[in-house]
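# Structural description and commentary
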Amino acid sequence: MPRLYLSGNEAIAYGLIQAGVRLITGYPGTPSSEIIPAAQKIVKEREITSFIDWAINEKVAYEIAHSVSLAGIKSAVTMKQVGLNVAMDPFMNSAYIGTEGGMVVVSVDDPGPHSSQTEQDSRFFAMAAKIPVFDISNVREAYEFARKAISLSQEYKIPVMLRSSTRVSHGRADVEIDEQFSIETLHPHFKTLKDWDKKLFRYASTPKGRLSLHKELNEKIEKIRLTNRPSFFFSGDMLILSSGAVFSYIYELIEEHGLENRVTLAKIDMPYPLGNLEVSSFKRVITIEETYPVIELQLNTEGRRNGIVPSEGELTPDVCEKIFVKLNLIEPKKTIHVPPLKRPSLCPGCGHRIGLFAVKKVFGKKAIYAGDIGCYTLALNFGVTDTILCMGASISFGFGFKKAYQLAGKDQDVVSIIGDSTFFHTGIQPLLDAVHYKIPFLTVILDNKTVAMTGNQKTLSDNVSSSGESVTPIEIESVIKGLGLEFLKVLDPYDYTESVRVLKKARTFIREKSLPAVVIFRHLCVNTKEGISSNPKYSVLLKKALCKGCKLCILEFECPAIHFNEKENSVEIDYTLCIGCGCCVHVCPTKAFTMDKIEEKKE
Amino acid sequence: MKLVVLGKGGQGVIFFSRMIAQAAIKKGLSVCSTEIKGMAKKGGTVEIQMKIGEGLCGLVKRGNADMVILLSNDLIDYAMTFGDRIFSFTEEDIKAALSSVSMRQVNTFLLGVFVKKTSLFKCEDFSFLDEDNKKSFIKGCEYVQS
Ligand code: SF4
Ligand code: SF4
Ligand code: SF4
């Protein structure tokens, strides 16, 4: 068997395809986004018939995967932990309905959080839905558990969650991969089932039927509970229970500090549903798990609730060591001060920066800027984002803020800022409401034709899918036109003068007509090959003599290629980062930046 | 062996860590690592922690790294939190790389410099490189010897 240096996400993809999964869908979200591209590569290389591609949001993805499973084909759906919130409705219901072909829900958590809004624990949601969950502790296990999850789902006809985390999904290890892939033909069956009448009662169940489905679900969970046994390591009279990435850290720490005779470590592969565990022979029982007390609550042990385990933050090996100190297993160590890293900014030349700079110019600092999830969240750094809640909330917030001031009879400019993929994900619905109720605020849609934040996945605007199929492109403006919106303009934010003119018109329209308006800023993400090669390129210079050192271009614009030289009290351009976009020329009040076109824009 | 590779997006942090991992795997050693990439792609910090021939996970505790490979000198204070044995390329190394090989091969040239200067690995461990990269790798090794 070949040994490959795989990421956790790649290992999950291998495991799923090898277990016979032939449909995988999902919505990109760090740290889950690499599973689908990895699976696409695996099936392409082996010419395995399948559908592996993105869906418009997690709810839609979940429903597609579930129906495929009901037709008897093994399926999987991938998302990050907050994506699971979007899929919650079908997730909860599918536990009752059950599955036919095995179905795995991959949800990747982000303790820390490194790149998420919450530190929520997907295992908790699995418990709430009564769905069994495997918790992956390292990359090699990712491959193994993906296959186990499918077979458990297949056996009990229940969706199974595969829970990963940033450290596993974005970890790498050498993994032995079995090169045997079954290439069986697919046989979907649904209405052709022999016992269709009985099945219909399940698939189209009324509330009365749901009661008996709930009973069935409880019976399934009870059976699974009885088979769920932890494995034990070492032999001390203190029992530590753990699952997921943290298990690996604890295991290593016990070995490192020679605690093999003081601690027994129980590894729980499936944190829900947990079987009864005989623990009376141990002096103390403590659960160390990320990020919510799932095992701790089920087995009623020490842990978070008595303050031994921190209630927030990632349980890194350094944090686990501190827990060991609290448990009197080791002596305290000197704490190492970790200096903060530089905060992230939008890329040099990003179209979002100049577009939002124009918005700020026209609507001013008093306007309320309701932001959303995407690269443009970083406009927070230069004052064009006041709120970030969750996917699509910018537009509902625009509605709500405007309404709040309207109710009080007060004027207030409100601007919602949302990216193209976020708009399609969950931004369309609140815009429908805004149009219907005639709420006068501006929605700015930043269309860069890619899901930039999570690694440049394709959006609906493309005519070829990420797996290379021909697809129908969908333009945002044609969707919005259908809503009957009166003010809709599409423009390139690099044309700054035109942007300011259009935004002023939008402001007048909103105030005079008391109706919503939409401006679409379209400029390709310069972090893609296509984007950078078609981007205008100028030779941009800074005339030191004209720079007054006001820092406006730093604080209000924040291009990472512009540095401030304190000694000279003026800025300088870092040409290793500058892409010559020329946007800064519009920013400086004293015209210190100049530009000359050096290359014709390639068509 | 516990390693940390640290730098900014576009500096070859991921490339370095993968080459080292592949060399270790070729030698029959186990490798695990963890990658943390900052939110911004350009200029954001990229951090790889790695264990070779030991452990279940790639995470390295503060103060515990056998070596930190630092590709961006302004991260020195942060790098020191992992350990005090820091390896970084000198300006001469980078100049030599830029003048000896094409832009695309700069990283493999520097890999050769690293291998020769640290002797954690042997040149033969990198025999899996393709022809062009092997040439610039050897140039990097020879540069250190001369
Ligand atoms: S990745 Fe693209 S959209 Fe995101 S900040 Fe960079 S240029 Fe802008
Ligand atoms: S370049 Fe212009 S905006 Fe920037 S600090 Fe100098 S004067 Fe101010
Ligand atoms: S031209 Fe100006 S705005 Fe564009 S990348 Fe260079 S410094 Fe930044």
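Residues numbered from 1 in each chain as written. Chains lettered and ligands numbered in written order. Predicted model: local features only at pLDDT ≥ 70, side-chain atom pairs only at ≥ 80, totals over all residues. Heavy atoms only, no water.

### As for the pairing of strand β10 (residues 238-242) of chain A
Working note: regular strand, side chains alternate between the two faces of the sheet. Residues and elements named next belong to chain A. Convention followed: Exposure classes here rest on a 1.4 Å probe applied to the protein chains alone. A residue is buried below 20% of its type maximum, exposed above 50%, and partly exposed in between. We count a stretch as a helix when DSSP gives it H or I for four or more residues in a row; a strand needs E for two or more, and each element gets its number in order from the N terminus. By the convention used here, strands pair only if DSSP detects at least 2 bridges between them. By convention, a crossover is right-handed whenever its connection, traced from the first strand over the helix to the second and viewed with the strands pointing away, goes clockwise.
With respect to burial, β10 is a largely interior element, five of its five residues being buried. By the alternation rule, side chains of β10 split into Met-238, Ile-240 and Ser-242 and Leu-239 and Leu-241, which are all buried. Relative to strand β11 (residues 263-267), β10 runs parallel, the two being bridged by five bridges. For Ser-242, the partnering residue across the bridge sits in β11 and is Lys-267. For the crossover that starts at β10, traverses helix α11 (residues 245-256) and ends in the parallel β11, the hand is right-handed. The pairing of β10 with strand β12 (residues 284-288) spans five bridges and is parallel. Within the sheet, the bridge partner assigned to Leu-239 lies in β12 and is Val-285.

### Some details on the site of ligand 1
Our working definition: Near is defined per residue: the residue qualifies when any heavy atom it owns lies within 4 Å of the molecule or strand. Only Asp, Glu, Lys and Arg are considered charged, only Ala, Val, Leu, Ile, Met, Phe, Trp, Tyr, Cys and Pro nonpolar, and every remaining residue, Gly among them, polar.
Lining the immediate environment of ligand 1, one finds eleven residues, of which Cys-347, Cys-350, Cys-375, Asn-448 and Cys-525 of chain A sit closest. With respect to ligand 1, the chains having nearby residues are chains A and B. Taken together, the residues that form the shell around ligand 1 break down as seven nonpolar, three polar and one charged.

### Regarding the site of ligand 2
Residues in contact with ligand 2 amount to 14 residues; listed here are only the nearest, Cys-547, Cys-550, Lys-551, Cys-553 and Cys-588 of chain A. Looking at the shell around ligand 2, its residues break down into ten nonpolar, two polar and two charged.

### Things to note about the domain arrangement of chain A
Convention followed: A domain assignment, automatic or from a database, supplies the domain bounds used here.
Taken domain by domain, chain A comprises domain 1 (3-227), domain 2 (231-326), domain 3 (351-527) and domain 4 (536-597). Using C-alpha coordinates to define each centre, domain 1 of chain A is positioned 49 Å away from domain 4 of chain A.

### What to know about the pattern of salt bridges
Put simply, the rule reads: Note on definitions: salt bridges are taken to be side-chain nitrogens of Lys or Arg within 4 Å of carboxyl oxygens of Asp or Glu.
The final tally for this structure, using the stated rule, is 48 salt bridges over all chains. Of the charged contacts, one joins Glu-256 of chain A and Lys-61 of chain B as a salt bridge, the two residues approaching to 2.9 Å between their closest N and O atoms. With Glu-256 of chain A in helix α11 and Lys-61 of chain B in the loop between β3 (45-52) and β4 (67-70), the pair connects residues from two separate chains. Since its relative accessible area comes to 44%, Glu-256 of chain A is described here as partly exposed.

### Some remarks on the side chain of Thr-377 of chain A
All names here are of chain A. Short version of the rule: We call two N or O atoms a polar contact when they sit within 3.5 Å, provided that within protein one can donate a hydrogen and the other can accept it, with sequence-adjacent residues counted only if both atoms are side-chain atoms. The criterion used for residue contact is that any of the two residues' heavy atoms lie within 4.5 Å.
Relative to the elements of secondary structure, Thr-377 occurs in the loop between β13 (368-370) and α15 (393-407). According to the relative accessible area criterion, Thr-377 is buried, its value standing at 14%. Within the local environment of Thr-377, its side chain forms a polar contact with the backbone oxygen of Asp-372, the two atoms lying 2.7 Å apart. Leaving out residues up to four positions away in the same chain, Thr-377 has contacts with Asp-372, Thr-385 and Ile-388.

### Let's talk about the interface of chain A and chain B
Counted only if it meets this: Two parts placed together each lose some accessible area; with a 1.4 Å probe, that loss summed over both constitutes the buried area.
Each partner contributes to the interface: chain A provides 39 residues, whereas chain B provides 31 residues. Of the roughly 3300 Å² buried at the junction of chain A and chain B (both faces included), carbon and sulfur atoms supply 60%. When the area that chain A buries against chain B is broken down by residue, the three leading residues are Tyr-5, Arg-172 and Leu-341 of chain A, summing to 19%. Here chain A is connected to chain B by four salt bridges. Here Glu-252 of chain A and Lys-51 of chain B are joined by a salt bridge, their closest N and O atoms 2.5 Å apart. Where chain A packs against chain B, one counts 13 residue pairs in polar contact (both at pLDDT 80 or more). Elements with a minimum of two residues in the side of chain A that touches chain B: β1 (3-7), α8 (166-169), β8 (171-176), α11 and α13 (317-326) of chain A.

### Description of the pairing of strand β16 (residues 487-491) of chain A
Residue and element names in this part refer to chain A. Both β16 and strand β17 (residues 517-522) contribute to a ladder of five bridges, which runs parallel. Across the sheet, residue Phe-487 finds its bridge partner in β17, namely Ala-517. Crossover handedness for the path β16 to helix α18 (residues 496-513) to β17: right-handed.

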